[in-house]
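If you want the building blocks of each chain, they are given just below.
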Amino acid sequence: MLTEHVCRMLTPGNGLPCKHYIRSDVKGKPGFCNQGTNFFCTEAMKKYFPRITNSTMSDFIQCKRKYYHRVVCGLQVKREHLPESVKLGSAWDDFMRSWYESEFNHYEKIQSLHLSTEQSAKLFALMRAFKDLEITLNKEGLLGCQYKVTTQILNTNLIGYVDRAYEDHIVETKLSARPDFYQQCENVTYQLGTYFLCNESWDYGILEITRVPSLKAKDGEEPEVYERRIYGDIISRPAHYFLGWDRKTRTFGTKFWKSEFNLEVIYSTCCYVLHEIKETAERGAWYPNNLACHVPAPCPYLPIKRSGVVSEEIFEKRQTKGGETDGTGNQEQSGRDQGVL
């Protein structure tokens, strides 16, 4: 018979459930732990639903241990130690955002990633090609970038941050070595479905999918030469790199209509996941899914699984900022999916 898991540091006192407990600024939300081991109080998670995003929901479905490290413990990988796929995806998101927000400095963001010479060549070749191909920028009806949307589910909030939001549709940018992945409706259901649940006025979503260059650097090849070679390949066949490329309109992307998604099922799934998170907290059953350690890419928390040690060189802890924290480590871009496959 399964028994309830009780935090080993639980020490009632001072009029609080635990003397280590920090109340949330938002009523009905789980509070925090001041001991540094966990970010959220696991005892409070037995009573209150945490805020959820499509990203944290996907983490929990994929691997409870991944959710535990990311949300409960508040661990995030330092930008310079992110996997290559996430680095390139993050850099590309920032670059695309800069075209629509003139005040946004994507260069500072990219520099903080400490890209390798080869990674930089791939990225800057794509950036240069994007500019020289004169890809059309649609700013008509633009509501904003990293546009926050929210709706209530089971006394908590479902949160989403859209790359670009318009009056009647949304746009998400993706950079991937396997771009076909994002052309399958099932693989984008949680992300786009979350946005459609939060805003009924959106009729469709466009995924602007870009392919990561696969050309390898030759022995002794100078970085500038390597970058020019990649750039030349992109310019010679833009449809290969910018999926859905239309030469006449100078646009690219894959469109998904809201009607393609069963929003009732997505809503129900969110409810089921929230209940399962509470049940997992009650049992302390944050077990790993070993089958997901390398799917679709190596898990950023794999070093912890293998060594049992949280390296301060690789990871950093989120700081408690009251009830506005959403369990993702980035208050401004909590729903952002930066990974590439």
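Here, the structure is the one placed above.
Residues numbered from 1 in each chain as written. Predicted model: local features only at pLDDT ≥ 70, side-chain atom pairs only at ≥ 80, totals over all residues. Heavy atoms only, no water.

(A) Quick peek at empty space enclosed by the protein. Scanning all chains against the criterion turns up three cavities of 30 Å³ or more. Approximately 100 Å³ is the volume attributed to the largest cavity. Grouping the amino acids of the lining of the largest cavity by side-chain chemistry returns nine nonpolar, three polar and one charged. (1 Å grid on protein atoms, 1.4 Å probe; cavity = no way out; pocket = protein on both sides within 12 Å on 5 of 7 lines; lining within 4 Å. Points joined across faces, edges and corners; volume = space filled by probe spheres on them. Nonpolar A, V, L, I, M, F, W, Y, C, P; charged D, E, K, R; others polar.)

(B) Main features of the pairing of strand S6 (residues 156–166). Most of S6 sits inside the fold, with ten of its eleven residues counted as buried. When strand S3 (residues 52–53) meets S6, the two strands line up parallel, connected through two bridges. Opposite Thr53, over in S6, you have Ile159 as the bridge partner. Pairing analysis gives ten bridges linking strand S5 (residues 142–153) to S6, with the strands arranged antiparallel. Pairing of Thr150 across the sheet is with Ile159, part of S6. Between S5 and S6, which follow one another and run antiparallel, lie two residues, and Leu154 among them has a positive phi close to 50°. In textbook terms, the turn of a hairpin is the stretch between consecutive antiparallel strands, and for S6 and strand S7 (residues 169–176) this stretch comprises two residues. (Buried < 20%, exposed > 50% of the residue type's maximum accessible area, 1.4 Å probe, protein only. Helix = DSSP H or I, 4+ residues; strand = E, 2+ residues; numbered from the N terminus. Pairing = 2+ DSSP bridges.)

(C) Summary view of helix H1 (residues 54–62). Within the sequence span of H1, burial applies to Asn54, Ser55, Thr56, Met57, Asp59 and Phe60. Lining the buried residues of H1 we find S3, helix H2 (64–72), S6, helix H6 (189–198) and helix H9 (263–283). (Contact = heavy atoms within 4.5 Å.)

(D) Main features of the packing of H1 against H6. H6 packs onto H1 with a crossing angle of 140° between their chain directions and a minimal axis gap of 9 Å. When the interaxial angle is binned, H1 and H6 end up oblique. Judged by the sense of rotation from one axis to the other, the crossing of H1 with H6 is right-handed. Between H1, through Asn54, Met57, Ser58 and Ile61, and H6, the contact on the second element is made entirely by Tyr190, Gln191, Thr194 and Tyr195. (Axes fitted to C-alpha atoms, helices over the stretch in contact; angles between N-to-C directions. Parallel < 35°, antiparallel > 145°, perpendicular 65-115°, else oblique. Left-handed = near helix turned anticlockwise from the far one by under 90°.)

(E) Focus on the environment of Asn187. Checked against the element boundaries, Asn187 lands in the loop between S7 and H6. With a relative accessible area of 34%, Asn187 lands in the partly exposed category. In this structure the side chain of Asn187 is engaged in a polar contact, spanning 2.9 Å, whose partner is the backbone oxygen of Phe181. (Polar contact = N/O pair within 3.5 Å; in protein donor to acceptor, adjacent residues only side chain to side chain.)

(F) Molecular detail of the pattern of salt bridges. Scanning all chains against the criterion turns up ten salt bridges. When the shortest N-O distance is used, the salt bridge between Asp233 and Arg237 registers 3.0 Å. Residue Asp233 is classed as buried on the basis of its relative accessible area of 15%. For Arg237, a relative accessible area of 37% translates into the label partly exposed. Residues participating in the shared-partner salt-bridge network are Asp59, Lys66 and Arg70. (Salt bridge = Lys/Arg side-chain N within 4 Å of Asp/Glu carboxyl O.)

(G) Seen up close, the packing of aromatic side chains. Across all of its chains, the model carries 19 aromatic pairs by this definition. Aromatic side chains Phe60 and Tyr67 sit 5.5 Å apart centroid to centroid with 85° between the ring planes, which places their arrangement in the edge-to-face category. For Phe60, a relative accessible area of 2% puts it in the buried group. Between Tyr204 and Trp257 the ring centres are 5.1 Å apart and the planes differ by 55°, which places this aromatic pair in the tilted class. Taken as a pair, Tyr204 in strand S8 (residues 204–211) and Trp257 in strand S9 (residues 254–257) lie far apart in primary sequence, 53 residues in all. Residue Tyr204 is classed as buried on the basis of its relative accessible area, which comes to 14%. A connected cluster of aromatic rings, assembled from ring pairs, spans Trp92, Phe95, Trp99, Phe130, Phe242 and Phe252. Over the ring of Phe49 we find Lys278, and its NZ or CZ is 4.6 Å from the ring centre. (Phe/Tyr/Trp six-rings, centres within 6.5 Å; stacked < 30°, edge-to-face > 60°. Lys NZ or Arg CZ within 6 Å of the ring centre and 35° of its normal.)

(H) Structural view of the environment of Phe315. Looking at the secondary structure, you find Phe315 in strand S10 (residues 315–317). On the basis of relative accessibility, which here comes to 4%, the residue Phe315 falls in the buried class. Considering only alpha carbons, one finds Phe315 and Leu302, 13 residues apart in sequence, at a separation of 12 Å. With near-sequence residues (within four places) excluded, Phe315 lies in contact with Leu75, Gln76, Val77, Lys78, Pro300, Tyr301, Ile304 and Val310.

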